[in-house]
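# Chain and residue survey
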Amino acid sequence: MNEGYFRTVAAVPAVTPADPAANLNAIRELLRKIRAEVPGVDLVVMPELCITGYTCADLFHNRNLLTAATVAVDELAMSDEARGLTLVVGAPVEADGQLYNCAVVLRNGPLCIIPKTYLPNYNEFYERRWFQPAPADDVRMIEYGGYENVPFGRRVLFCCSGVTVGAEICEDLWAPVSPGTHAALAGAEVVVNLSASNDLTGKYAYLTDLVKGQSARSLCAYVYASAGYGESTTDLVFDGKAMIAENGTMLACNRRWTMAPQYVAADVDIESIRRDRMHIGTFAECRRRENAGQYRIVGEDHFNEEALPGWKLMRRVDPMPFVPSDAEHLAERCEEIISIQVSGLVRRLDFTHTRSLVVGISGGLDSTLALLVAVRAFDALGLDRKGIYGVTMPGFGTTDRTYNNALDLMRALGVTVREIPIAAAVKQHFSDIGQDPEVHDVTYENSQARERTQILMDLANRVGGMVLGTGDLSELALGWATYNGDHMSMYGVNASVPKTLVRHLTRYFAQTSDSELCRRTLLDIIDTPVSPELLPADSEGRIAQKTEDLVGPYELHDFFLYYTLRYGFSTARIRMMAVAAFENRYSEDVIDRWLGVFVRRFFQQQFKRSCMPDGPKVGSVCLSPRGDWRMPSDASPAVFLSQNPF
């Protein structure tokens, strides 16, 4: 394991039924390929009964086959191809005069043997004709091949590269409470499944969901390898499935129905699994209640030395973790997010009997999304859109582009348009407090933000409505809001929507709009630089104050935010992941700079989040002090900054 990642392989060798020597050669050949193409692999998993073939039927009780199988496993364990690896293969194993269908764990010899618990004996399966189910008693020591005292039993876990691993076999996964579930509750962070699952119409989709669901419920990684080409087709056909899932997500799966041996590889994020098990108390409570019995953990911790030099993450790190990446269901995901926002606002309006909303419209992304959600909410309640008061408040830094976009959007949506310039009022305020208008400091900026908020609040009082907040999750994380200015509202529909997702949702509204004016305006708003427009425009009337020039790219900050809150990763690990995710976009120096800015601002600005307005949670990351995030306003960032050269 490197940097908290555990490199796993699910492999499907070609088999020859009833010929362990041929199968040994096929496995060794595939291992050579894996070692050449997957440097630093920690664990390799192969299918059920791959040493003999799954379809040997009554030959399983033949001495020739059983002896040849044991010899093949012995040779495999000590082969150059298996040297230094933790390898799990399927083989028939005799113990106390009975025959068992087993997962044999090899590491320079047999490390342990885990028999199959649930033997299918229905429809096309007849396993109880040849095998016994795993004994219910505790782990015992058996003689296997030329080795004595090999741990044997269903309550065995084994260590591999700092990770605890459990095993189950094929039908075990389909049981209501699987052995893999008990193994996970006993501490297994990775569960492997050696399978010989024949293919039937519709079975693959169901099995894929089963594998993902098992990894999600057990908060673990799940490595699945199933029999493929070469098995007898007397009655069944095997498609050669290989999958690696992690906590509900499929990391890798192969192309089935190939004649050639194949494999899939993935780096499993063990650190995220450990964090979720610590954070989600239900897992620990279930562990206490189920009390699956005492498990024996075998094998001194073992690290593959080849994994260390020149190690590089073999896994895509999504640079946009908040943005839906499933293109097939993209529209569905967008609608779900928007529906959560709309539903929250509808309930608040209905409960307070409010029929008017006041929204400050700047021509920027956040206020645009808030207005779009407000329109949806009014439509859902059957209210006249004229009850939405869109207010544009030109100030010292307002540009023609944002001003015109604000007006065009409000007109296209049919809301009440109000224009209230703030320059005169702010200048009077400057005079009252002794602020030099030529000094463009924080007072100059924040006075405008607070003047706008005062206008919105007072107008809401006058029309009997409420102020709809527009600030987003990214701004809350960085504290990029004026305290008691745009920081405050009666309800914040964007409170848990990060900036990268705001842009994405706005684009979705544009793509689905029936109004050409609305669509064109939304697309231009998306292309407009993010800015509070609190400083005067440049000599050509363009936005001079660009937020991302000042606090850094939002795509970086959203990345830092996600892995800080969702997984609680160390700053050093987040940096490593960011370097991988943004390899072709940002240099390491740039990432270091903005990561330092993020950490400092995240800690310094907590006081603003401690009194933020209500707002709906739309995803797994939220900063509400009443829900997901509780943090002292005076916490020190020293430990978080000490890990990198910021």
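Coordinates for the structure precede this section.
The following refers to the structure shown. Here the structure is a predicted model, which is why all the values come from computation and not from measurement. (Residues numbered from 1 in each chain as written. Predicted model: local features only at pLDDT ≥ 70, side-chain atom pairs only at ≥ 80, totals over all residues. Heavy atoms only, no water.)

## Here's the deal with the sheet that holds strand β15 (residues 296-298)
- Taken in spatial order, the seven strands of this open sheet run β13-β12-β11-β10-β9-β8-β15, and their pairing is mixed. This sheet does not close on itself; its edge strands, each paired only once, are β13 (249-253) and β15. If you compare each strand with its neighbour and ignore which way they point, the axes differ by 25° on average.
- The pairing of strand β8 (residues 156-160) with strand β9 (residues 163-169) spans three bridges and is classified as antiparallel. Bridge pairing links F158 to V165 in β9.
- Across the sheet, helix α4 (residues 203-217) is in contact with β11 (221-226), β12 (242-246) and β13; its angle to β12 comes to roughly 35°. (Pairing = 2+ DSSP bridges. Helix = DSSP H or I, 4+ residues; strand = E, 2+ residues; numbered from the N terminus. Axes fitted to C-alpha atoms, helices over the stretch in contact; angles between N-to-C directions. Contact = heavy atoms within 4.5 Å.)

## Thoughts on unusual backbone geometry
- For N247, which is not a glycine, the phi torsion comes out positive at approximately 45°.
- Relative to the assigned elements, N247 resides in the loop between β12 and β13.
- N247 sits in the partly exposed class, given a relative accessible area of 22%. (Buried < 20%, exposed > 50% of the residue type's maximum accessible area, 1.4 Å probe, protein only.)

## A few points about the sheet that holds strand β17 (residues 388-392)
- Spatial strand order, β18-β17-β16-β19-β20: five strands in an open sheet with parallel pairing. Two strands bound the open sheet, and with one partner strand each, they are β18 (416-419) and β20 (491-492).
- On top of the sheet, helix α9 (residues 400-413) reaches β17 and β18; it is set at about 170° to β17, its chief contact.

## A look at the pairing of strand β7 (residues 147-152)
- Pairing between strand β6 (residues 140-144) and β7: four bridges, direction antiparallel. For M141, the partnering residue across the bridge sits in β7 and is P151.
- Hairpin connection of β6 to β7: two residues between the antiparallel strands, including G145 at a positive phi of 60°.

## Thoughts on helix α14 (residues 516-527)
- Over its twelve residues, α14 extends 17 Å from the first C-alpha to the last, a length consistent with the 16 Å expected when each residue adds 1.5 Å.
- Of all the residues in α14, the buried ones are C518, T521, L522, I525 and I526. Taken down its axis, α14 places every buried residue within 140° of arc, on the same side.
- Where α14 is buried, its residues touch α8 (365-381), α9 and α13 (499-512). (Expected span 1.5 Å × (residues − 1). Arc of directions from axis to C-beta.)

## Quick look at the pattern of salt bridges
- With the rule as written, the count across this model stands at 39 salt bridges.
- A salt bridge links E48 to K116; its shortest N-O distance comes to 2.9 Å. Highlighted residues: E48 in the loop between β2 (43-45) and α2 (63-77) and K116 in the loop between β5 (110-115) and β6, separated in sequence by 68 residues. There is no split in this pair, since E48 and K116 are both buried.
- In this structure, E285 and R288 form a salt bridge, with 2.6 Å as the shortest nitrogen-oxygen distance. Of the two residues, E285 and R288 are both situated in helix α6 (residues 281-290); the distance of three residues between them amounts to about one turn of the helix.
- Judged by relative accessible area, E285 falls into the partly exposed class, the value being 29%.
- By relative accessible area, R288 is classed as exposed at 57%.
- If you follow the salt bridges from partner to partner, you end up with D199, D239, K241 and R256 in one network. (Salt bridge = Lys/Arg side-chain N within 4 Å of Asp/Glu carboxyl O.)

## Some points on helix α16 (residues 554-565)
- For α16, which comprises twelve residues, the first-to-last C-alpha distance of 16 Å matches the rise-based estimate of 16 Å (1.5 Å per residue) to within 8%.
- Residues of α16 that are buried: Y554, E555, L556, H557, D558, F559, F560, L561, Y562, Y563 and L565.
- The inward-facing, buried residues of α16 abut α5 (270-279), α12 (473-478), α13, α15 (547-551), α17 (571-581) and α18 (588-604).

## Some thoughts on the side chain of K203
- Note that K203 resides in helix α4.
- Salt bridges are absent for the buried K203, whose nearest opposite-charge side chain, E124, sits at 5.1 Å.
- A distance of 2.9 Å separates polar atoms of two side chains, one belonging to K203 and the other to S197.
- When neighbours within four sequence positions are excluded, K203 is seen to be in contact with W174, S197 and N198. (Lys, Arg positive; Asp, Glu negative; His and termini not counted. Polar contact = N/O pair within 3.5 Å; in protein donor to acceptor, adjacent residues only side chain to side chain.)

## Re the packing of aromatic side chains
- Inspection of the entire model under this criterion finds 26 aromatic pairs.
- The ring of Y567 carries the charged tip of R566 above its face, separated from the ring centre by 4.2 Å. (Phe/Tyr/Trp six-rings, centres within 6.5 Å; stacked < 30°, edge-to-face > 60°. Lys NZ or Arg CZ within 6 Å of the ring centre and 35° of its normal.)

## Considerations on a negative patch on the surface
- A cluster of acidic residues, D326, E328, E332 and E336, forms a negative patch on the protein surface.
- Counting through the fold element by element, E336 comes out in helix α7 (residues 330-352).
- The exposure class of E336 is partly exposed, given its relative accessible area of 48%. (Patch = residues over 30% accessible without salt bridge, like charges linked within 9 Å, V, L, I, M, F, W, Y side chains within 5 Å. Areas by Shrake-Rupley, 256 points an atom, 1.4 Å probe, with all protein chains shown as cover. Charge placed at Lys NZ, Arg CZ, Asp CG, Glu CD.)

## Details of the packing of α7 against α8
- Contact geometry for α7 and α8: axes closest at 9 Å, N-to-C directions at 65°. At the point where α7 passes α8, the crossing takes the right-handed sense. From α7, E335, I338, Q341, V342, L345, V346 and L349 reach across to α8, where they touch L369, V373, A374, R376, A377, F378, A380 and L381.
- When grouped by side-chain class, the residues that make up the contact of α7 with α8 number twelve nonpolar, one polar and two charged. (Left-handed = near helix turned anticlockwise from the far one by under 90°. Nonpolar A, V, L, I, M, F, W, Y, C, P; charged D, E, K, R; others polar.)

Interpretation in functional terms is not warranted from these geometric data alone.
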